[in-house]
Amino acid sequence: MRRIEVGGASPYTVQVGAGLLGTLQVPGRHTALIHPVDLPPAFVAAVQAATQPVVTIPVPARDDCKTMAVLSGVLSALAGANIPRDGAVIGLGGGAATDLAGFAAASYLRGVAFYTAPTTLLGMVDAAVGGKTGVNLPEGKNLVGAFWPPKAVWCDTETLSTLPGAVFREGAAEAYKHGLIADPSLLERVLSPDFRPGGPGLQDTLADAIAVKAGVVTRDLTEQGERAFLNFGHTLAHALEAVTHHALSHGEAVAYGMHYAARLSRALGGADLTAHTLAFLHWQRPQPLPPLTYDDVAPYMARDKKADAEGVRFVLLRGLAQPYLARVPEGVLRAEFEGWEKEVRGLRKAEDGEG
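Below is a summary of the structure that appears in this document. Since the model is a prediction, treat every value here as computed from it, not as a measurement. (Residues numbered from 1 in each chain as written. Predicted model: local features only at pLDDT ≥ 70, side-chain atom pairs only at ≥ 80, totals over all residues. Heavy atoms only, no water.)

### Thoughts on the overall build of the chain
Right, so step 1: A count of helical and extended segments in the chain gives 12 helices and 11 strands.
Right, so step 2: Against the compact-globule benchmark of 20 Å for 355 residues, the chain has a radius of gyration of 20 Å, which places it among compact chains.
Right, so step 3: Put simply, the chain has 355 residues, and 55% of those count as buried.
Right, so step 4: Long-range contacts, defined here as pairs at least 24 residues apart, represent 72% of the contacts in the chain between residues at least 6 apart.
Right, so step 5: Summed over its atoms, the accessible surface of the chain is roughly 14,000 Å², and 53% of this surface lies on carbon and sulfur atoms. (Helix = DSSP H or I, 4+ residues; strand = E, 2+ residues; numbered from the N terminus. Rg over C-alpha atoms; globule rule 2.2 N^0.38 Å. Buried < 20%, exposed > 50% of the residue type's maximum accessible area, 1.4 Å probe, protein only. Contact = heavy atoms within 4.5 Å. Areas by Shrake-Rupley, 256 points an atom, 1.4 Å probe, with all protein chains shown as cover.)

### A short note on the state of the cysteines
Right, so step 1: Applying the stated rule across the entire model yields 0 disulfides.
Right, so step 2: As a non-bridged cysteine, Cys65 has Cys155 as the owner of its nearest cysteine sulfur, 18 Å distant.
Right, so step 3: Of the residues examined, Cys65 reaches a relative accessible area of 0% and is grouped as buried. (Disulfide = S-S within 2.5 Å.)

### Description of the packing of aromatic side chains
Right, so step 1: Tallied over the entire structure, the rule returns 10 aromatic pairs.
Right, so step 2: A centroid spacing of 5.4 Å and a plane angle of 50° characterise the contact between Phe168 and Phe195, whose relative ring orientation is tilted. Taken together, the positions of Phe168 in helix H5 (residues 165–181) and Phe195 in the loop between helix H6 (185–190) and helix H7 (202–219) put the pair 27 residues apart, joining distant regions of the chain.
Right, so step 3: On the basis of relative accessibility, which here comes to 5%, the residue Phe168 falls in the buried class.
Right, so step 4: Plain terms: the ring middles of Phe280 and Trp283 are 5.5 Å apart, the flat faces sit at 35° to each other, and that makes the pair tilted. (Phe/Tyr/Trp six-rings, centres within 6.5 Å; stacked < 30°, edge-to-face > 60°.)

### Some remarks on the sheet that holds strand E1 (residues 2–6)
Right, so step 1: On the basis of which strands lie adjacent, the open sheet formed by 7 strands has the order E1-E2-E9-E6-E5-E3-E4 and mixed pairing. Each of the sheet's edge strands pairs with one partner strand only, and the pair in question is E1 and strand E4 (55–59). For this sheet, the mean angle separating the axes of adjacent strands, direction not counted, is 15°.
Right, so step 2: As defined by bridge partners, strand E3 (residues 31–36) adjoins E4 across 5 bridges and the pair is classed as parallel. Directly across from His35, in E4, lies its bridge partner Pro58.
Right, so step 3: Taken strand by strand, helix H2 (residues 68–80) contacts E3, E4 and strand E5 (88–93), and its axis lies near 170° from that of E4. (Pairing = 2+ DSSP bridges. Axes fitted to C-alpha atoms, helices over the stretch in contact; angles between N-to-C directions.)

### So, helix H1 (residues 41–51)
Right, so step 1: Along H1, the positions that sit buried rather than exposed are Phe43, Val44, Val47 and Thr51. In a view along the axis of H1, the buried residues occupy a sector of 95°, so they form one face of it. Among the exposed residues of H1, those pointing more than 90 degrees away from its buried face are Pro41, Ala42 and Ala49.
Right, so step 2: Where H1 is buried, its residues touch E3, E4 and E5.
Right, so step 3: The first or second residue beyond H1 is Gln52, which carries a positive phi of 50°. (Arc of directions from axis to C-beta.)

### Some details on the pairing of E5
Right, so step 1: Burial analysis of E5 places 6 of its 6 residues in the buried class, the great majority of the element.
Right, so step 2: With 4 bridges joining them, E3 and E5 adopt parallel strand pairing. In the strand pairing of E5, Ile34 is matched with Gly91.
Right, so step 3: Note: E5 against strand E6 (residues 113–118), 6 bridges, orientation parallel. Residue pairing in the sheet places Leu92 in a bridge with Ala117 of E6.
Right, so step 4: Handedness of the β-α-β unit built from E5, helix H3 (residues 95–107) and E6 comes out right-handed. (Right-handed = clockwise from strand over helix to strand, strands pointing away.)

### What about the nonpolar core?
Right, so step 1: Val14, Val129, Leu240, Tyr260, Phe280 and Trp340 are the most contacted members of the largest nonpolar core, which has 70 residues in total.
Right, so step 2: Per-element accounting of this core gives the leading share, 9 residues, to H7.
Right, so step 3: Each residue touching Trp340, except ones within four places of it in the same chain, is listed here: Leu236, Leu240, Tyr256, His259, Tyr260, Arg263 and Leu289.
Right, so step 4: With 22 residues, the next largest nonpolar core counts Cys65, Leu71, Val74 and Val135 among its residues. (Core = buried A, V, L, I, M, F, W, Y, C linked by side-chain atoms within 4.5 Å.)

### Notes on the pairing of strand E7 (residues 132–137)
Looking down a regular strand, the side chains alternate between one sheet face and the other.
Right, so step 1: Of the pairings in the sheet, the one linking E7 to strand E8 (residues 140–147) comprises 5 bridges and is antiparallel in character. Across the sheet, the residue bridging to Val135 is Val144, located in E8.

Pasting the structure below:
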């Protein structure tokens, strides 16, 4: 088992290893367990046996749970179960469910303890670490939320064996992103045949990818500086999720968004890293894009959380592990979007054997 320490004002430990669900330890006797309805019953039963929650709250699967309506229902369930101020919320499942559970914990009684056991690769590498919690609005992704770090995180690698291949590859996008912005050794390791459920490279590659984020959020929990670099590829990604009404998954959108950001980086004088982002797209094989224009996504990018009074800022790369924030001229954004759109569609045609 690997342990990753997250420091700062609210330190906690992330454990990565096999068979952890049955070992969860949550202090106190008044806990609530929140999980998506499609989670394997054995996962829920293992956590229930270990923690004895007074109420178990199933929520819709994936991003369907990240709505104000679902949040309201969860808060009412916590109140109905008389969860006290010294109680706790456990989030079990993928990143969407743990985002929701964390925000419910942050909101209920102005904040109760939060523990999380992510069961997807995306949830482990991204959502479980760093304390960002929240829900979506029709106007965009993660526009309502709070910073609410967990007390502990358990990443049980055995849960990854239940994932469809596409869902596992989706989660790899965030690990690959950590390679681009901080630890280039991850690039080859993520694409290796050893990085798979049950594979010999899974635990250490996963733990090292988590360690990148743990280091960043230790130094900058509330995104006053370098934490913004974790959003590489996400400005377009969140727009793609919104404009497709989440038909495109987060990890797939991030893969597309990283390639756009790599093109922007090159256009503004940075190193040409598009071979890396194209290699990941080829490996991940995301869903095809629907017909899109720059004008379709531009309004959503304008609401990106990195935007300020002067407009949108993109995370770009001068080279591997050299991220920075930049404003990109409108003409460059539009021209690179058109080139990006043709390139990613051409990649899919080549993979599908089309002429």
